[in-house]
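# An overview of the molecular structure
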Amino acid sequence: MNVRMSVVALASMMVAPALSAQIGHVPQTSPYIDLEYKQEFTLFGGFYNAGSEKVGVAPGNGPTFGARYELRLGGPASLMTRFQYVQSSRTIIDPRRPEETRVVEANAPWPLYLADIGIAVNLTGQRSYKRFVPFVNGGLGVATDFKSGADVGAWKFGTPFAFNFGSGVKWVSSGKLQVRADFSDHLYQIKYPSTYYIPASDGSVVLNQRQGDSDWTNNLTFSLGISYLFFR
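Residues numbered from 1 in each chain as written. Predicted model: local features only at pLDDT ≥ 70, side-chain atom pairs only at ≥ 80, totals over all residues. Heavy atoms only, no water.

Along the backbone of the protein there are 1 helix and 12 strands. Helices and strands appear in the protein in the N-to-C order α-β-β-β-β-β-β-β-β-β-β-β-β. A burial count over the protein gives 37% of its 232 residues as buried. Element-wise, carbon and sulfur atoms account for 63% of the exposed surface of the protein, whose accessible area totals about 12,900 Å². (Helix = DSSP H or I, 4+ residues; strand = E, 2+ residues; numbered from the N terminus. Buried < 20%, exposed > 50% of the residue type's maximum accessible area, 1.4 Å probe, protein only. Areas by Shrake-Rupley, 256 points an atom, 1.4 Å probe, with all protein chains shown as cover.)

Printed below as a string of structure tokens:
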């Protein structure tokens, strides 16, 4: 009898911790909260830190504003679309002039626009941890200045493809609002015209043949946004 009771007691001691581990937190005390919404629309603002390139004629740093829409696809993944305006400026040069007078305008207003589509993935799944949701995202889009012609030096930004990737964190309220912080990188190519390789009247050139006719630049954005959540 004592042996049987000892076996039962031992079995109980072994099973109880396993059951406890499987059950986890009770709903009232769990740090995890299911995310019931299907879509979110965000307005954001921040700062755009343009990557450096060897000539220095591309649109530079500036404040940025935009809108972002996400549609849940299933599980932790969402389809993401984003439009972003950058209040930037750039240096305009005339490569035909001598080096001392080559700069035509040092801070010419030159707005930049970015549009992309991609996938965002919540790292905590379709739920928050203490109302926080870390995420990563990536996609493809374009950058443009909406200018059809070239400047006086024959340079133009055009509409290059822009690869983007980033990460951030969202804080989800108990209502229909959300606060989010995003860090993203747009990678696109800057190209230079043939006029940059032609000697000016003083014999100077903007670029020599060994320097290549393009640069890939990483352009970083940090932003804060307010989201409206719907179809919860």
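Note that strand β3 (residues 62–74) and strand β4 (residues 77–86) share 10 bridges and pair antiparallel. Bridge pairing links F65 to Y85 in β4. Hairpin connection of β3 to β4: 2 residues between the antiparallel strands, including G75 at a positive phi of 60 degrees. Where β4 meets strand β7 (residues 112–122), 10 bridges bridge the pair, whose relative direction is antiparallel. Bridging across to β7, F83 finds its partner in A115. (Pairing = 2+ DSSP bridges.)

Turning to its location among the elements, A200 is positioned in the loop between β11 (177–191) and β12 (214–230). You can call A200 buried: its relative accessible area is 11%. Expressed as a C-alpha distance, the spacing of A200 and D94, which sit 106 residues apart in the sequence, is 9.4 Å. In this structure, A200 is in contact with P95, R96, R97 and P98, ignoring residues within four places of it in sequence. (Contact = heavy atoms within 4.5 Å.)

Scanning the model with the defined rule gives 11 salt bridges in all. With a shortest N-O distance of 2.8 Å, R180 and E40 are connected by a salt bridge. Residue R180 is located in strand β11, and its partner E40 is located in strand β2 (residues 39–49); the two are separated by 140 residues in the primary sequence. Residue R180 shares its accessibility class with E40, and that shared class is buried. A network of salt bridges, in which partner residues are shared, links E40, R68, E70, K170, R180 and D182. (Salt bridge = Lys/Arg side-chain N within 4 Å of Asp/Glu carboxyl O.)

On to the side chain of S184. Looking at where S184 falls in the secondary structure, it is placed in strand β11. Sequence-distant contacts of S184, defined by excluding residues within four places in its chain, comprise R82, F165, G166, N219, L220 and T221.

Y48, W155, F157, Y188, I190, Y192 and Y196 are the most contacted members of the largest nonpolar core, which has 19 residues in total. At the level of elements, β7 and β11 are the ones that each hand at least two residues to this core. Apart from residues no more than four positions distant in its own chain, I190 is found in contact with E53, A58, W155, F157, D213, S214, D215 and T217. (Core = buried A, V, L, I, M, F, W, Y, C linked by side-chain atoms within 4.5 Å.)

So, about a nonpolar patch on the surface. Judged by side-chain polarity, F132, V169, W171, L177, V179, I226 and Y228 come together as a nonpolar surface patch covering roughly 620 Å² of accessible area. Broken down by secondary-structure element, the contributors of at least two residues to the nonpolar patch are β10 (161–172), β11 and β12. The exposure class assigned to W171 is partly exposed, which follows from its relative accessible area of 35%. (Patch = residues over 30% accessible without salt bridge, like charges linked within 9 Å, V, L, I, M, F, W, Y side chains within 5 Å.)

Before going further, it helps to examine the packing of aromatic side chains. This model, assessed by the stated rule, comprises 10 aromatic pairs. On the basis of an interplanar angle of 40 degrees and a centroid distance of 6.4 Å, the ring pair of F163 and W216 is categorised as tilted. Within this pair, whereas F163 is found in strand β10, its partner W216 is found in strand β12, the two being separated by 53 residues in sequence. We note R90 situated over the ring of W110; from NZ or CZ to the ring centre the distance is 4.5 Å. (Phe/Tyr/Trp six-rings, centres within 6.5 Å; stacked < 30°, edge-to-face > 60°. Lys NZ or Arg CZ within 6 Å of the ring centre and 35° of its normal.)

Backbone geometry places K130, a non-glycine residue, at a positive phi of 50 degrees. Inspection of the secondary structure assignment puts K130 in the loop between β8 (127–129) and β9 (132–144). For K130, a relative accessible area of 53% translates into the label exposed. Its identity is not glycine, yet F146 carries a phi of approximately 55 degrees, on the positive side. Structurally, the position occupied by F146 is in the loop between β9 and β10.

Keep in mind these values describe shape, not function.
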